[in-house]
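# Structure assessment
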Amino acid sequence: MMAKVETVLPLHAKLGEGVLWDASRQVVWFVDIKRHQLWHLDPASGSNSCSEAPGQIGWALPAEGGLLLCGLKDGLYTFDPETQAFEKLSSVPGEPAHNRLNDACTDPWGRVWFGSMDDNEQQPSGSFYVFDRGNIRQAGPTGITITNGPAVNAEGSRIYFTDTSKQIIMAADLSADGVGEATLFADTGALFPDAYPDGPVVDAEGCVWTGLYLGSHVARFSPAGELLSTVAIPARDVTKMAFGGPDLDTVYVTSATKNMEPQDMQQYPAAGGLFAFQSPVKGFAQPQAKLS
């Protein structure tokens, strides 16, 4: 897919992640996990700001009441953009102290699906969970070293889980009643042997996009798991993408620098930035998270 990719925020983030379009505010939210930063960008004005989180922050999702629901190393927090205050909502039962929360999405019922992982990226201690109006339960694959996603389609009928270390994306049926058994959706390692699937997102046509860590691209897969196209990104370690803008056809992409050497930065001087390109395919507005 031919696309003109622009750097919209040249940050050199250590671990840029969790990018998401806030349709009600018409702004982009994303995080720098390792620097404990929550960023916001208003594309219309170009204004941006950074809030300091009380720990490693993996994601921030628009929630009811004008708040954001955030996943930090030690559990779920709310964030009030007006007061800049973080408030702990809940720990995640049974999570090891060496784990942290990494990626998340909402579904049409306002539930939040998220994953945990070993902060040192060594032990298969990660699991997937669902936060359903104050209740947290394990749901989806377990025993994963680096979880990414989940991602849910617009209808809420399919959910995608990424096992980054094994270079696979899994899929399961989803409904208001729960989630089915996850099976292989795409073996990205067979297509991109040196790259690792990172944050996924689903477009309005039901196709799954994923960032490719160590792969300097995002890739788009059909609902059947077939590779359809890729877009080159001027960063080596591409993490997450989201559809945004007034027409939901602007793609925002985060990236990382935490594993890059000086010679790598010379090759990818824009690495760690927030990028954007126009897509011929639209996304869909993410539902707000329901807190209670």
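Residues numbered from 1 in each chain as written. Predicted model: local features only at pLDDT ≥ 70, side-chain atom pairs only at ≥ 80, totals over all residues. Heavy atoms only, no water.

As a further point, take the sheet that holds strand S22 (residues 227–232). Taken in spatial order, the 4 strands of this open sheet run S19-S20-S21-S22, and their pairing is antiparallel. Edge positions in the open sheet fall to strand S19 (196–202) and S22, since each of these has one partner strand only. Between one strand axis and the next, the sheet turns through 25° on average, direction left out of account. (Pairing = 2+ DSSP bridges. Helix = DSSP H or I, 4+ residues; strand = E, 2+ residues; numbered from the N terminus. Axes fitted to C-alpha atoms, helices over the stretch in contact; angles between N-to-C directions.)

Summed over the entire model, instances satisfying the criterion amount to 9 aromatic pairs. Aromatic side chains Phe30 and Trp39 sit 6.2 Å apart centroid to centroid with 10° between the ring planes, which places their arrangement in the stacked category. Joined through ring pairs, the aromatic side chains of Trp59, Phe114 and Tyr129 make up one cluster. (Phe/Tyr/Trp six-rings, centres within 6.5 Å; stacked < 30°, edge-to-face > 60°.)

With that settled, the discussion passes to empty space enclosed by the protein. Scanning the entire structure with this criterion turns up 1 cavity of 30 Å³ or more. Of the volumes computed, that of the largest cavity is approximately 220 Å³. Val19, Leu20, Val201, Ala242 and Gln286 are, among the 23 residues lining the largest cavity, the residues nearest its centre. Among the secondary structure elements, those contributing two or more residues to the lining of the largest cavity are strand S2 (16–22), strand S6 (57–62), strand S10 (99–106), strand S14 (147–152), S19 and strand S23 (237–244). Here the residues of the lining of the largest cavity sort into 19 nonpolar, 2 polar and 2 charged. (1 Å grid on protein atoms, 1.4 Å probe; cavity = no way out; pocket = protein on both sides within 12 Å on 5 of 7 lines; lining within 4 Å. Points joined across faces, edges and corners; volume = space filled by probe spheres on them. Nonpolar A, V, L, I, M, F, W, Y, C, P; charged D, E, K, R; others polar.)

Time to look at the sheet that holds S10. Here we have 4 strands laid out as an open sheet, ordered S10-S11-S12-S13, and antiparallel in their pairing. Only two strands of the sheet have a single partner each, and these edge strands are S10 and strand S13 (135–144). Each neighbouring strand pair of the sheet contributes to a mean axis angle of 25°, computed without reference to strand direction. Sheet topology note: the S10/strand S11 (residues 112–118) ladder contains 7 bridges and is antiparallel. Following the sheet pairing, Thr106 is matched in S11 by Val112.

Looking now at the environment of Asp198. Mapping Asp198 onto the fold places it in strand S19. Judged by relative accessible area, which is 6%, Asp198 ranks as buried. Here the alpha-carbon distance between Asp198 and Gly75, two residues 123 residues apart in the chain, equals 21 Å. Here the side chain of Asp198 touches Asn148 through a polar contact of 3.4 Å, side chain to side chain. (Buried < 20%, exposed > 50% of the residue type's maximum accessible area, 1.4 Å probe, protein only. Polar contact = N/O pair within 3.5 Å; in protein donor to acceptor, adjacent residues only side chain to side chain.)

Considering all chains together, one arrives at 16 salt bridges under this definition. A salt bridge links Asp132 to Arg133; the shortest N-O distance between them is 3.2 Å. One connected set of salt bridges, linked through shared partners, spans Lys34, Arg100 and Asp119. (Salt bridge = Lys/Arg side-chain N within 4 Å of Asp/Glu carboxyl O.)

For residues besides glycine, phi is generally negative; the peptide bonds are generally trans as well. The omega torsion across Gly149 and Pro150 is 0°, close enough to zero to call that bond cis. In this fold, Pro150 is placed in strand S14. One non-glycine residue, Gln84, lies in the positive phi region at around 65°. Within the element layout of this structure, Gln84 appears in the loop between strand S8 (75–80) and strand S9 (85–90). The exposure class assigned to Gln84 is partly exposed, which follows from its relative accessible area of 41%.

This paragraph deals with the environment of Pro197. Along the polypeptide, Pro197 turns up in strand S19. C-alpha of Pro197 to C-alpha of Phe284: the two residues are 87 residues apart in sequence and 22 Å apart in space. The contacts of Pro197, once residues within four sequence positions are left out, are Asn148, Thr162, Asp163, Thr164, Gln167, Ile168, Ile169, Thr188, Thr210, Gly211 and Leu212. (Contact = heavy atoms within 4.5 Å.)

Inspection of the secondary structure puts Asn148 in strand S14. Within polar-contact distance, the side chain of Asn148 engages the side chain of Thr164 at 2.9 Å. Leaving out residues up to four positions away in the same chain, Asn148 has contacts with Glu17, Asn102, Asp103, Phe128, Phe161, Thr162, Thr164, Pro197, Asp198, Gly199 and Pro200.

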